[in-house]
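Fold and contact review
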Amino acid sequence: HEQKDVVNHCQKMFIPEMMALQLRTRWWISDVLTSKISLKPQECRIKIWLQDEITFYANDRRHSGWKHVDAGSDPHPKGEGTSIMISDF
């Protein structure tokens, strides 16, 4: 994201908050604990759930290929069309 408000929010709000939360988060890689945390009496552990998702559209208009210079244009449907969202946690 390159918009100024998005960049500003990421740099001034999101990233500092995530860095602060990481101090109270345990990290695991392949079922092996990679970090231990020490909490103050009033603090609790934080679990961060990350989600990756993408949406595919039927009419995404991503055509690649060569056409003859005399070939006409093909009609395209209006709108994005049917979509499917794929998520991974």
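Description of the structure in this document. Per chain, the residues get numbers from 1 upward, laid out in the order the sequence is written. This being a predicted model, a pLDDT of at least 70 is required before a residue's local features are given, and a value of 80 or more before pairs of side-chain atoms are given or counted; all residues contribute to the totals for chains, interfaces and linings. Side-chain metrics rest on all non-hydrogen atoms present in the structure, leaving aside hydrogens and water.

Attention shifts here to the overall build of the protein. Looking only at helices and strands, the protein features one helix and four strands. Start at the N end of the protein and walk to the C end: the helices and strands fall as α-β-β-β-β. Under the scheme applied here, a residue whose accessible area is under 20% of the maximum for its type counts as buried, over 50% as exposed, and between as partly exposed, the area being computed with a 1.4 Å probe on protein chains only. Here the protein holds 89 residues, and 2% of them are scored as buried. Contacts are assigned to residue pairs that have any heavy atoms within 4.5 Å of one another. Looking at the protein alone, contacts between residues at least 24 apart form 44% of all its contacts between residues at least 6 apart. Secondary structure follows DSSP: runs of H or I at least 4 residues long count as helices, runs of E at least 2 residues long count as strands, and numbering of each begins at the N terminus.

This paragraph deals with helix α1 (residues 4-22). A helix is expected to reach a length of 1.5 Å times the quantity of its residues less one. Between its first and last C-alpha, α1 extends 26 Å over 19 residues, near the 27 Å set by a 1.5 Å rise per residue. Along its length, α1 reaches its greatest deviation from straightness, about 40°, at Cys10. One axis fitted to the seven residues ending at a residue, another fitted to the seven starting there: the angle between these axes is the bend at that residue.

Moving on, we get to the layout of surface pockets. Rolling a probe over the atoms, with the probe sized like a water molecule, indicates the empty space that remains. Estimates place the volume of the largest pocket at around 390 Å³. Along the walls of the largest pocket sit 11 residues, with Thr25, Arg26, Trp28, Lys47 and Ile48 positioned nearest its centre. Think of it as three bins: nonpolar holds Ala, Val, Leu, Ile, Met, Phe, Trp, Tyr, Cys and Pro, charged holds Asp, Glu, Lys and Arg, and polar takes everything else, Gly as well. Class assignment of the residues belonging to the lining of the largest pocket gives a composition of seven nonpolar, one polar and three charged. Only protein atoms enter the 1 Å grid, on which a cavity is a set of points fitting a 1.4 Å probe that cannot get out and a pocket is an open set with protein on both sides within 12 Å along at least 5 of 7 lines, lining residues being those with an atom within 4 Å of a point. Grid points are joined across faces, edges and corners, and a volume is the space filled by probe spheres set on the points.

The next point concerns the environment of Cys44. With respect to the helices and strands, the residue Cys44 is situated in the loop between β2 (32-33) and β3 (52-57). As for Cys44 and Arg24, which are separated by 20 residues in sequence, their C-alpha atoms are 7.3 Å apart. If near-sequence neighbours (up to four positions away) are discounted, Cys44 is found in contact with Arg24 and Leu39.

Counting through the fold element by element, Ile86 comes out in strand β4 (residues 83-88). For the pair Ile86 and Asp52, spaced 34 residues apart in sequence, the C-alpha to C-alpha distance is 8.4 Å. Setting aside residues no more than four positions away along its own chain, Ile86 makes contact with Asp52, Glu53, Ile54 and Phe56.

Let us look at the side chain of Thr25. Tracing the chain through its elements places Thr25 in the loop between α1 and β1 (28-29). Throughout this description, a polar contact denotes any pair of N or O atoms lying within 3.5 Å of each other; where both atoms belong to protein, one of them has to be capable of donating a hydrogen while the other can accept it, and for residues adjacent in sequence the pair is counted only when both atoms sit in side chains. Within the local environment of Thr25, its side chain forms a polar contact with the backbone oxygen of Leu21, the two atoms lying 2.8 Å apart. Those residues within four positions of Thr25 in sequence are excluded, and the remaining contacts are Ser35, Ile37, Ile46 and Ile48.

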